[in-house]
Amino acid sequence: MTQVPLSIAGETLSGDGREVADVLDPSTGEAIGTVVHATTADLDRALDAAARGFKTWRNTPADQRSAVLMKAAGLIRERAKDIGASITREQGKPVKEAIGETVYCAMLLEFYAGEIKRLYGRTLVRPAGSRVEVQYHPVGPVAGFAAWNFPALNVMRKIGGALAAGCSTIVKPSEETPSGGLAMVQALIDAGVPGEAVQCVFGVPDEVSRHLLASPVIRKVTFTGSTAVGKHLAKLAADDLKIATMELGGHAPVLVFADSDIDKALDTMTANAFRNAGQVCVSPTRFLVEEPVFAKFRDGFVERTKALKVGNGFEKDIDMGPMASPRGLERMESMIGDAKTHGAKVLAGGERIGNQGWFHAPTVLAEVPTGAEIMNEEPFGPVAILNSMAGEDAMIEEANRLPYGLAAYAWTQNPARRRRLAAEVEAGMLAIDTGGVSAADAPFGGVKWSGYGSEDGREGVLTCMVTKTVHEG
Ligand code: NAD
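The rules we used
- Residues numbered from 1 in each chain as written.
- Predicted model: local features only at pLDDT ≥ 70, side-chain atom pairs only at ≥ 80, totals over all residues.
- Helix = DSSP H or I, 4+ residues; strand = E, 2+ residues; numbered from the N terminus.
- Rg over C-alpha atoms; globule rule 2.2 N^0.38 Å.
- Buried ≥ 20, exposed ≤ 12 C-beta atoms within 10 Å, placed from the backbone.
- Contact = placed C-beta atoms within 7 Å.
- pLDDT = per-residue confidence, 0-100.
- Pairing = 2+ DSSP bridges.
- Axes fitted to C-alpha atoms, helices over the stretch in contact; angles between N-to-C directions.
- Core = buried A, V, L, I, M, F, W, Y, C linked by C-beta atoms within 7 Å.
- Domains from an automatic or database assignment.
- Near = placed C-beta within 6 Å.
- Nonpolar A, V, L, I, M, F, W, Y, C, P; charged D, E, K, R; others polar.
- Arc of directions from axis to C-beta.
- Parallel < 35°, antiparallel > 145°, perpendicular 65-115°, else oblique.
- Left-handed = near helix turned anticlockwise from the far one by under 90°.
- Expected span 1.5 Å × (residues − 1).

### Topic: the overall build of the chain
Reasoning step 1: The number of helices and strands found in the chain is 14 helices and 23 strands.
Reasoning step 2: Against the compact-globule benchmark of 23 Å for 473 residues, the chain has a radius of gyration of 23 Å, which places it among compact chains.
Reasoning step 3: With the principal axes as the frame, the chain shows a C-alpha extent of 65 × 65 × 40 Å.
Reasoning step 4: Counting the 473 residues in the chain, one finds 55% classified as buried.
Reasoning step 5: Within the chain, contacts between residues at least 6 apart in sequence are counted, and of these 71% link residues at least 24 apart.

Written out as structure tokens, the structure reads:
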């Protein structure tokens, strides 16, 4: 049994009468440790420290901040195996995915370490003797709240860009998967980020966010999670006009055209649909397949899905672990039941596996009517919906039907169609003939109900900065 502590003002805090909550193993449902909850006094201490940490960190020379982030990236790479194992224990994903997630965190820091040195302002041309200078400044202390589906990466996305910008940060990883996030914070402290500039707290989520966001010290909030909670936090942020980045849910359409390389699309997208048991905000969900290739695509998808191996994340050669919580399992069961009532066909899976832990079979539904809940709400689980569609216009219309707009995928070899999709599909990220929508140097984020503001890339730093325009006569 491990206990995951708080990290406040550089101090590791546990015990002393603080409340703790159990951390569960999704492959058994049993408690494997506890996480320490911060008291109100702890949160106040973290706020005071963040105000001081901001002054120290923003005034640390850029090349020094860059070197510290590079060093942290190195430590994360060195520790990737152990951090990955802790993620699998608490979240369930296959350990090779967990290690990959950890290494991606290092790649993000490496990109940001370079970006710190390129945060130029600009000078506007004016008559001799006068000038206008556009400067970029860190916005101030940032409060981040991260979901459980990528325990390390979600946290790094909250704090990496903010630290690169010169902000101090207080992050609350998910209490369900606390270790990966704390490991990111610890690596940054070990590399030389002041403990007052990078802090980690846990508690009852709504109580922690209300407390931190009520403070004028915090100047930005950044959240990964559901649209409902995102809207709530955006309203709290608005009370004090704090800026916000919201990385919320999606319902990614996949437009498969008859002119595409079907085998490549199948190999790529089947693996993608069940990665992390489908608990990914950019998970491909609604497959809109052009009628002439529908039967071929459906049969190939079902065959590949049935071949996937599900098991404990530490088992060798498994493709998919358990779901992260019983909440997710219940959501799957309820949505699949509702789809069946609406006439959907279950072509693979459809049920949970066993009664120990939270395993659910990779599931394929076909011919799902628009009225079914799963066609409108994010399932956030191992399920793919395959529907036959008649032509480009109808496919684009269906892709844009929902209020979500995070990722979208398309498979087509027609250059003119690619350009039209790039112009008309409403999404923050569009992947054409590839399954990848995420890269350290590319902005990641959504539109509409999927949120606003970007993480990663240059934009991941700029969303933590404000401009100051200096006019000199
Ligand atoms: P949720 O939004 O309730 O919780 C997500 C995370 O936010 C959790 O770690 C939770 O601790 C935290 N949280 C919840 N309320 C908070 C608050 N008031 N203040 C601060 N943090 C808070 O979602 P869930 O119940 O875990 O999952 C439900 C749905 O949310 C999923 O089915 C999916 O649609 C969506 N979701 C999206 C992402 C994403 O990557 N965008 C991640 C997780 C969940």
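Once the structure has been displayed, the description carries forward.
### Some details on the confidence of the model for the chain
Reasoning step 1: Summary statistics for the chain give a mean pLDDT of 97 and a share of 100% for residues scoring 70 or more.
Reasoning step 2: Both scores are given for the predicted complex: the pTM is 0.97, the ipTM 0.96.

### Points about the sheet that holds strand E23 (residues 465–472)
The pairing of strands in a sheet comes from backbone hydrogen bonds and takes either a parallel or an antiparallel form.
Reasoning step 1: Strand order in the open sheet formed by three strands is E6-E7-E23, and the pairing between neighbours is antiparallel. If you trace the sheet from one side to the other, it starts and ends with strand E6 (122–124) and E23, each paired once. The sheet shows a mean angle of 25° between the axes of neighbouring strands, direction not considered.
Reasoning step 2: The pairing of strand E7 (residues 131–138) with E23 spans eight bridges and is classified as antiparallel. Considered in E23, the bridge of Arg131 is made with Glu472.

### A few points about the nonpolar core
One recurring pattern in soluble globular proteins: nonpolar side chains tend to sit buried together.
Reasoning step 1: Membership of the largest hydrophobic core comes to 146 residues, with the highest contact counts inside it found for Cys105, Ala152, Val201, Val256 and Ala407.
Reasoning step 2: By residue number, the principal contributor to this core is helix H4 (residues 95–116), which donates eleven residues.
Reasoning step 3: A domain-level breakdown of this core finds at least three residues from each of domain 1 (3–248 + 450–472) and domain 2 (252–439).
Reasoning step 4: If near-sequence neighbours (up to four positions away) are discounted, Ala407 is found in contact with Gly250, Ala252, Val282, Ala427, Met429, Ala431 and Val437.

### A few points about the site of the ligand
Reasoning step 1: Around the ligand lies a shell of 22 residues, among which Ser174, Ser209, Gly225, Ser226 and Phe380 are the nearest.
Reasoning step 2: Each residue belonging to the shell around the ligand can be placed in one class, and the counts come to nine nonpolar, eight polar and five charged.

### Considering the domain arrangement of the chain
Reasoning step 1: Domain annotation for the chain reports domain 1 (3–248 + 450–472) and domain 2 (252–439).
Reasoning step 2: For domain 1 and domain 2, the distance between their C-alpha centroids amounts to 30 Å.
Reasoning step 3: Counting from both sides, the interface comprises 16 residues of domain 1 and, opposite them, 21 residues of domain 2.
Reasoning step 4: Taken together, the elements giving at least two residues each to the side of domain 1 that touches domain 2 come down to helix H3 (80–91) and H4.
Reasoning step 5: A breakdown of the residues in the side of domain 1 that touches domain 2 according to their chemical character gives four nonpolar, eight polar and four charged.

### Quick look at unusual backbone geometry
Of all residues except glycine, most have a negative phi; of all peptide bonds, most are trans.
Reasoning step 1: With a phi close to 55°, Asn276 is a non-glycine residue in the positive phi region.
Reasoning step 2: Residue Asn276 is classed as buried on the basis of its 21 C-beta neighbours within 10 Å.
Reasoning step 3: Located in the positive-phi region is Asp433, a residue other than glycine, with phi close to 60°.
Reasoning step 4: Inspection of the secondary structure assignment puts Asp433 in the loop between strand E20 (429–432) and strand E21 (447–448).
Reasoning step 5: By C-beta crowding, Asp433 is classed as partly exposed, having 15 other C-beta atoms within 10 Å.

### So, helix H12 (residues 392–399)
Reasoning step 1: Taken together, the buried positions of H12 are occupied by Met395, Ile396 and Ala399. The buried residues of H12 occupy an angular sector of 95° when projected down its axis, which confines them to one face. H12 presents Asp393 and Glu397 as exposed residues on the side facing more than 90 degrees away from its buried surface.

### Some points on the sheet that holds strand E4 (residues 20–24)
Reasoning step 1: Taken in spatial order, the three strands make up an open sheet running E1-E5-E4, and their pairing is mixed. Strand pairing shows two members of the sheet lacking a second neighbour, strand E1 (2–4) and E4, which therefore form its edges. Here the average twist between neighbouring strands, direction ignored, is 30°.
Reasoning step 2: As paired strands, E1 and strand E5 (residues 31–36) are joined by three bridges and run parallel to one another. Its bridge partner lying in E5, Thr2 is registered against Gly33.

### Points about the environment of Arg275
Reasoning step 1: Within the element layout of this structure, Arg275 appears in the loop between helix H9 (262–274) and strand E14 (284–290).
Reasoning step 2: Exposure remark for Arg275: the 20 C-beta atoms within 10 Å place this residue in the buried category.
Reasoning step 3: Note: C-alpha distance between Arg275 and Gly381 (106 residues apart in sequence) is 9.6 Å.
Reasoning step 4: Setting aside chain neighbours within four positions, we find Arg275 in contact with Glu97 and Val280.

### Some words on the environment of Trp411
Reasoning step 1: With respect to the helices, strands and loops of the structure, Trp411 is situated in strand E19 (residues 407–411).
Reasoning step 2: Residues Trp411 and Ile432, 21 residues apart in the sequence, show an inter-C-alpha distance of 5.7 Å.
Reasoning step 3: Apart from the residues lying within four places of it in its own chain, the contact partners of Trp411 are Val256, Phe257, Ser260, Ala265 and Asp433.

### Topic: the packing of H3 against H4
Reasoning step 1: Running from N to C, H3 and H4 point in directions that differ by 125°, and their axes come no closer than 8 Å. One element, H3, and the other, H4, form an angle in the oblique class. For H3 against H4, the interelement crossing comes out right-handed. On H4, the residues that touch Ala80, Lys81, Ile83, Gly84, Ala85, Ile87 and Thr88 of H3 are Val95, Ala98, Ile99, Glu101, Thr102 and Val103.
Reasoning step 2: Its residues placed into classes, the contact of H3 with H4 shows eight nonpolar, three polar and two charged.

### Here we look at helix H1 (residues 40–58)
Note: α-helices contain 3.6 residues per turn, so residues at a spacing of three or four share the same orientation.
Reasoning step 1: Look at H1: 27 Å from first C-alpha to last across 19 residues, which is about the 27 Å you get at 1.5 Å a residue.
Reasoning step 2: Taken together, the buried positions of H1 are occupied by Asp42, Leu43, Ala46, Leu47, Ala49, Ala50, Gly53, Phe54 and Trp57.
Reasoning step 3: As for H1, its buried residues are in contact with strand E2 (6–8), strand E3 (11–13), strand E9 (169–172), strand E10 (198–200) and helix H7 (205–213).

### Digging into the environment of Ala277
Reasoning step 1: Looking at where Ala277 falls in the secondary structure, it is placed in the loop between H9 and E14.
Reasoning step 2: What makes Ala277 buried here is the crowd of 32 C-beta atoms within 10 Å.

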